[in-house]
Amino acid sequence: MGPRAAPLLPLLLALLGRPDPGRAEGCDLQPVTAEPPITLSYATSTVLRGCVSSSSLDTSHEVHVLSVEWSKASAFPLNVSVTPRAGACTRSAVLVLLCARCSATITSLCPDLLVRTDARLGTGTTTALGPEPPVAASEGQLLAWARDAYGGITSYSELRDPRWVQLRLGEDANSPLDCVPQERFDAMLHLETEVFFHGVKGCSRGDAQSTRAAHIVRLQPNPSSPITDVNLSLSCPERAVSNQILILQSLANVTWSLSVNNCHIQFLVSGNYKIAPISSLLLPGELLPDTEWGLVAKAFEKNYSIIASYSAIPASTRVSLEIQEHEAVRRVPATPTPPAPTADSLPHTLLLMLQPWKCTDETMEIVIARSHLEPIKDVVNITLRDISCQAEKNATHFMLRTPLSHCGTLLEGRGHANNELILNLAKGTVLRSVRVAFQCKIPRELFLRLFPTAAFEAPQTELEVNKEAFVQASMRWEDHPADLQLKECSLVVPGREPVLLVQGGEARGMGVAVLEGPSSSHGRKVWRFRFTYAVPEDGRVPFSATLTCKAGLQNNTIFEKVLEVTVKDGWQTANNRGLGLAAVLGITFGAFLIGALLTAGLWYIYSHTRPISKLQPVSSTAPASESSSTNHSIGSTQSTPCSTSSMA
């Protein structure tokens, strides 16, 4: 499901009577009031309130005031680092730090920095200390005291829950004359800080029985200051578990650089990402929902039924995350250099990060880009547990597709398929194999397929007019498969009323018949039917149509699947294909033969039906002595018709 508009969706869902997908599974995110399962901090230059001014230019000191608040008692000391902006300490400076008796360590490259603070300073402090500032009842009193004491204020910043602060000295003549605090002030020119995030939420699905947990971090976009690169340091407890996933959501153009320490965890990331020190190659992410409920639903889709932490933080270029164990002793989140993976552990770590496997309710598909295997090197071929199931390979990928019932795949409860990827490596003449066990999540969703024959093989997305089509809907539901029923299926053509095909397990409409499906196994139910799409009355064949099916439980939970199909008219297609050379030659020869026969027939008829007057005369030659009398007799006979009788 793609991202949707958050403000309108709850209203639309309410109007349509459909539950919010984030709560449909029985999870309502609530603030974590107990010990949070993570320690999360992020870098920012935006302070709660702040200002700058040029009022200190005519004085003997530049004056910087930091006022720190705490949401709760901090277990970590505050580190403040002071550096000159231009690389040299040219003026005396005063730092006023108020942090309600917190523990702090202040270091500076400028030896003449004077610090006035009410904090308990650590042994690493390298600055000169002055008297404590007076207790100020308000922000206005604090700033008024600083002006009176030093003649002006260079900067003022109010922070909440900082982990460390870097202050850059320097003054700007273009700053306002007076320092007037503003809400959410951008202090980028003189300050950067990393603040702890205490707004962690969590929940678990009502029917959750597993311990698979998800941690979700969402970067809220900032149009005024877009970022394209994020560095995230991740550390895990010593007794790290591998049944957790970290979901990182951001804009799609963000690239994540992940520094991982002691973590066996899976990742689901928006945009591209790389994992140090495994590989410097960018791995493709996927488009994730940009709403709270959408991300929770995505975690449930991946079969992580516990949302251990959900954190929505402002856009930041640096994020630190430590996954905690409540029994573990709290330590300051550190980012030590992670140990380099060994030759044996590298394939396991890389493949578990990539997760190149994908399952449907009946198949398993594995696609691995060869470029992602470069850190392993020397991969000859890849098989599954059954070594006869070998991946096909080309110049760019290893690919394998198999039914869930083959290749040694084991089906477990809660919708998982287990197998092993076996990487056969060759280094010189030495061959060795590395086995990586994996678990493939079978989505808990309705699958819809269209077939051209009753064999239900080779699904397609073409629907031919006036020809039987065979439909299969299927779904795995291990909890109570008997409760799962096919509610209805219909065909929707643009501009026409939907055609109901099946409802309540019975055929509806002409040319529809419900077929016997295979018996249920491992919680998988299959429904089959056939139908014929007739040519519409107006004779116009649409370009596309939508096949929609719904399955549901007795508690009215509905699963819907939509299959887009193209409509094909076999007669028109045959006429539009054009003629081949043989057909053209045959037609030409046939036309010639018919023409020749017709011409011959016409000539025969013409030659046997000519008029007698058109025939040439036949001449006879008489003897010369008889020619005159003969001619006379003939002439007399012709001229006097009565001469015959007189002669007689």
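Only a predicted model underlies this, so the values are computations on that prediction, with no experimental measurement involved.

A.B. asks: So what about the state of the cysteines? Which residues, and what values?
C.D. replies: Under the definition given, this model contains eight disulfides. Each sulfur in the disulfide pair Cys489 and Cys549 lies 1.9 Å from the other. Classification of the bridge connecting Cys489 and Cys549 rests on its S-S torsion, roughly 120 degrees, and on that basis the disulfide is right-handed. Placement of Cys489 in strand S35 (residues 485-492) and of Cys549 in strand S40 (residues 544-552) is noted, with a sequence separation of 60 residues between them. The burial state of Cys489 is the same as that of Cys549; both residues are buried.

A.B. asks: Give me the side chain of Ser41: which residues, what numbers.
C.D. replies: Inspection of the secondary structure assignment puts Ser41 in strand S2 (residues 38-44). Excluding residues that lie within four positions of it along the chain, Ser41 makes contacts with Arg163, Glu194, Val195, Phe196, Phe197, Arg318, Val319 and Ser320.

A.B. asks: Before we move on, could you go through a nonpolar patch on the surface and cite the residues and values that matter?
C.D. replies: Together, Phe589, Phe592, Leu593 and Leu597 make up an exposed nonpolar region whose accessible area comes to about 470 Å². The topology assignment puts Phe592 in helix H7 (residues 581-608). A residue is classified by how much of its surface remains accessible, and Phe592, at 60% relative accessible area, is exposed.

A.B. asks: Explain the sheet that holds strand S13 (residues 182-186) to me, and be specific about the residues and the numbers.
C.D. replies: Pairing within the open sheet is mixed, and its seven strands lie in the order S10-S8-S6-S4-S11-S3-S13. Edge positions in the sheet fall to strand S10 (128-129) and S13, since each of these pairs with one other strand and no more. Note: strand S8 (residues 113-117) against S10, two bridges, orientation parallel. In the strand pairing of S10, Val115 is matched with Leu129.

A.B. asks: Explain the environment of Gln249 residue by residue, including any values.
C.D. replies: Structurally, Gln249 is set in strand S18 (residues 244-249). With relative accessibility at 5%, the residue Gln249 sits in the buried group. What Gln249 contacts, discounting residues up to four positions off in sequence, is Val217, Arg218, Leu219, Trp256, Ser270, Leu288, Pro289, Asp290 and Leu295.

A.B. asks: Describe the pattern of salt bridges, listing the residues and the values that go with them.
C.D. replies: Counted according to the given criterion, the structure contains 20 salt bridges. When the shortest N-O distance is used, the salt bridge between Glu69 and Arg160 registers 3.2 Å. Of this pair, Glu69 sits in strand S4 (residues 62-69) while Arg160 sits in strand S11 (residues 155-160); the two residues are 91 residues apart in sequence, bridging distant segments of the chain. In this structure Glu69 comes out as partly exposed when scored by relative accessible area, which is 31%. Judged by its relative accessible area of 42%, Arg160 falls in the partly exposed class. Where Glu464 meets Lys467, a salt bridge forms, and the shortest distance between an N and an O atom there is 3.8 Å. Of the residues examined, Lys467 reaches a relative accessible area of 41% and is grouped as partly exposed. In this structure, a network of salt bridges that share partners links the residues Asp361, Glu362, Arg449 and Arg524.

A.B. asks: So what's going on with the nonpolar core? Residues and values would help.
C.D. replies: Formed by 60 residues in total, the largest nonpolar core has its most connected members in Leu234, Trp256, Phe267 and Leu421. It is helix H5 (residues 345-354) that provides the largest number of residues to this core, a total of five residues. Once you skip the residues sitting within four places of it in the chain, Phe267 turns out to touch Leu234, Ile245, Leu246, Leu258, Val260, Ile275, Met353 and Gln355.

A.B. asks: Please set out the confidence of the model for the protein chain residue by residue, giving values where relevant.
C.D. replies: Scored by pLDDT, the protein chain has a mean of 81; 81% of the residues are at 70 or more. Note on residues 1-24: pLDDT is under 50 here. Beyond four places in sequence and across chains, it has 24 contacts. Scored below 50 in pLDDT, residues 573-577 shows one contact in the model against residues more than four places distant or in partner chains.

A.B. asks: Help me get a handle on the pairing of S11, residues and values and all.
C.D. replies: Walk down a regular strand and you will see the side chains alternate between the two sheet faces. Burial analysis of S11 places five of its six residues in the buried class, the great majority of the element. Here four bridges tie strand S3 (residues 46-52) to S11, and the two strands are oriented antiparallel to one another. In the strand pairing of S11, Gly50 is matched with Ser157. Relative to S11, S4 is paired through six bridges, and the arrangement is parallel. What sits directly across from Val68, in S11, is Leu159.

Cut-offs applied
- Residues numbered from 1 in each chain as written.
- Predicted model: local features only at pLDDT ≥ 70, side-chain atom pairs only at ≥ 80, totals over all residues.
- Heavy atoms only, no water.
- Disulfide = S-S within 2.5 Å.
- Helix = DSSP H or I, 4+ residues; strand = E, 2+ residues; numbered from the N terminus.
- Buried < 20%, exposed > 50% of the residue type's maximum accessible area, 1.4 Å probe, protein only.
- Contact = heavy atoms within 4.5 Å.
- Patch = residues over 30% accessible without salt bridge, like charges linked within 9 Å, V, L, I, M, F, W, Y side chains within 5 Å.
- Areas by Shrake-Rupley, 256 points an atom, 1.4 Å probe, with all protein chains shown as cover.
- Salt bridge = Lys/Arg side-chain N within 4 Å of Asp/Glu carboxyl O.
- Pairing = 2+ DSSP bridges.
- Core = buried A, V, L, I, M, F, W, Y, C linked by side-chain atoms within 4.5 Å.
- pLDDT = per-residue confidence, 0-100.

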